[in-house]
Amino acid sequence: MKNNILKFVLAFFLVFGMANTQAQDKATEIKKETPKAKNEIEKVKDQKSDFDDKVDAKGGTFTDAASTMKGKPGQEKGNASKENMDEMRKLRLEYSEKLKATKDPKEQAAIKAEMEEKMEKIKKTNPPVAAETVTNTSSDENKGGGTKPMEKPKVTPNVTKGKPTVAMKDEKIATAKEKIEKERNDLAVKKEMLVKANAKIEDARARLAKEKEEGNLTKGDIISKEAKINAAEAKVKRLEAAIKAAETKYDEKESKLSDFSKDQKQ
Amino acid sequence: MKIISKLLFAFLLVTVLSCRDTAKEEAELNATLEEVEAIDQELESISNEVETNAQELEETLEELDSL
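Note that the structure is predicted; figures quoted are calculated from it, not measured.

Some details on the overall build of chain A
Working step 1: Scanning chain A from N- to C-terminus turns up six helices and two strands.
Working step 2: Helices and strands appear in chain A in the N-to-C order α-β-β-α-α-α-α-α.
Working step 3: Put simply, of all contacts in chain A between residues at least 6 apart along the chain, 73% involve residues at least 24 apart.

Concerning the nonpolar core
Working step 1: In this structure, A176, I201, A232, V236, L239 and A246 of chain A together with V50 of chain B are the most contacted members of the largest nonpolar core, which totals 22 residues.
Working step 2: If you list the elements that add at least two residues to this core, you get α5 (166-214) and α6 (219-265) of chain A together with α2 (22-65) of chain B.
Working step 3: Ranked by residues supplied to this core, first place goes to α6 of chain A with nine residues.
Working step 4: Beyond its immediate sequence surroundings of up to four residues, L239 of chain A is in contact with K190 and L194 of chain A together with N53, A54 and L57 of chain B.

Section: the packing of α5 of chain A against α2 of chain B
Working step 1: Closest axis-to-axis distance for the α5 of chain A/α2 of chain B pair is 10 Å, and the angle between their directions is 15 degrees. Accordingly, the angle class assigned to the pair α5 of chain A and α2 of chain B is roughly parallel. Taken as a pair, α5 of chain A and α2 of chain B cross one another with a handedness that is left-handed.
Working step 2: Of the residues in the contact of α5 of chain A with α2 of chain B, the class split is 19 nonpolar, two polar and eight charged.

Some words on the interface of chain B and chain A
Working step 1: The interface of chain B with chain A comprises 27 residues on the first partner and 40 residues on the second.
Working step 2: Those elements giving two or more residues to the side of chain B that touches chain A turn out to be α1 (2-18) and α2 of chain B.
Working step 3: The class makeup of the residues in the side of chain B that touches chain A is 15 nonpolar, six polar and six charged.

Remarks on α5 of chain A
Residues and elements named next belong to chain A.
Working step 1: With 49 residues, α5 extends 71 Å between its outermost C-alpha atoms, agreeing within 8% with the 72 Å of an ideal straight helix rising 1.5 Å per residue.
Working step 2: Within the sequence span of α5, burial applies to K169, K172, I173, A176, I180, E183, A197, I201 and A204.
Working step 3: Downstream of α5 by a residue or two, G215 has a phi angle that is positive, lying close to 75 degrees.

Description of α1 of chain B
Working step 1: With 17 residues, α1 of chain B should reach 24 Å at 1.5 Å per residue; the first-to-last C-alpha distance of 24 Å fits that figure.
Working step 2: Of all 17 residues in α1 of chain B, zero are buried, a share of ten percent or less.

What to know about the confidence of the model for chain B
Working step 1: Residue-level pLDDT values for chain B average 86, and 94% of them are 70 or greater.
Working step 2: For this predicted complex, the interface score ipTM comes out at 0.71, while the overall pTM is 0.47.

With respect to the environment of I122 of chain A
Residue and element names in this part refer to chain A.
Working step 1: Note on placement: I122 falls in helix α3 (residues 105-125).
Working step 2: In the structure, I122 is positioned 34 residues away from M88 in sequence and 7.5 Å away in space, judged by C-alpha atoms.
Working step 3: Beyond its immediate stretch of four places on either side in the chain, I122 contacts N84, E87 and M88.

Criteria and thresholds
Residues numbered from 1 in each chain as written. Chains lettered and ligands numbered in written order. Predicted model: local features only at pLDDT ≥ 70, side-chain atom pairs only at ≥ 80, totals over all residues. Helix = DSSP H or I, 4+ residues; strand = E, 2+ residues; numbered from the N terminus. Contact = placed C-beta atoms within 7 Å. Core = buried A, V, L, I, M, F, W, Y, C linked by C-beta atoms within 7 Å. Buried ≥ 20, exposed ≤ 12 C-beta atoms within 10 Å, placed from the backbone. Axes fitted to C-alpha atoms, helices over the stretch in contact; angles between N-to-C directions. Parallel < 35°, antiparallel > 145°, perpendicular 65-115°, else oblique. Left-handed = near helix turned anticlockwise from the far one by under 90°. Nonpolar A, V, L, I, M, F, W, Y, C, P; charged D, E, K, R; others polar. Expected span 1.5 Å × (residues − 1). pLDDT = per-residue confidence, 0-100.

Structural data, given as structure tokens:
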């Protein structure tokens, strides 16, 4: 009895363990596939936005063989084909009644010919080809005479509404860290710029002093030049302060990002 | 009987350990992602500020050159 129970419990554990490992494998697979899927989604989104832009740029103008239809393509072609079908159905009903009313084969043939004629007229005014293909007139693509139907890219619905994953978080943290590194390099460039600016200010001050000594300048000139030099100095100080603030903020943000990474490892 | 109770206890332990609080983890992940995004935006604004200051300085330096 005991042995049987033990066997049963062991089997249960075995199944439970296998199910657990399978679930974990699936989870890791999903994690691996998430960035790929994201890339694909981005591509499809780009294609869709390109298509929408094209349609917007062309003002939704589409042509058939004889006339130009303006408005939304789906709506227009839908309406045209619907009207067509309705008219043809009415005609068929009308002529079938007429055919039933007469038994003379000659008359029936005449009625049929008349019906076919009218049908063809309807087809010519709203040809089915125009209803199926959506073409544009204003683009350069169609100047050669050919008409290309625009294909709307398929969009997989609700794919982006996935659950947040650790991989996504890692990716974002990594990109943020890279950004900080890049910004730091930019700050180094700005610091070099500050050094050059200080040298220029010194140079300008020296020139002004020399001109003052020579007595070439009026009082107004001196005041305006001094004002310009002072303004430049103020701007240098402002940029220095902004760089310092940026550096401290970058340090802060970087340590925060590192904390996020550490939390995840724990 | 003792063995069975031990096994059952072990099973209970494994079950409790394997049943993670996924909702909580998800919420934490979301919060972290939002924070990282906020950091990203802040970085953008900081760099913009530095850039505008640098541009202003460049303009005034050009004026200094013509002095």
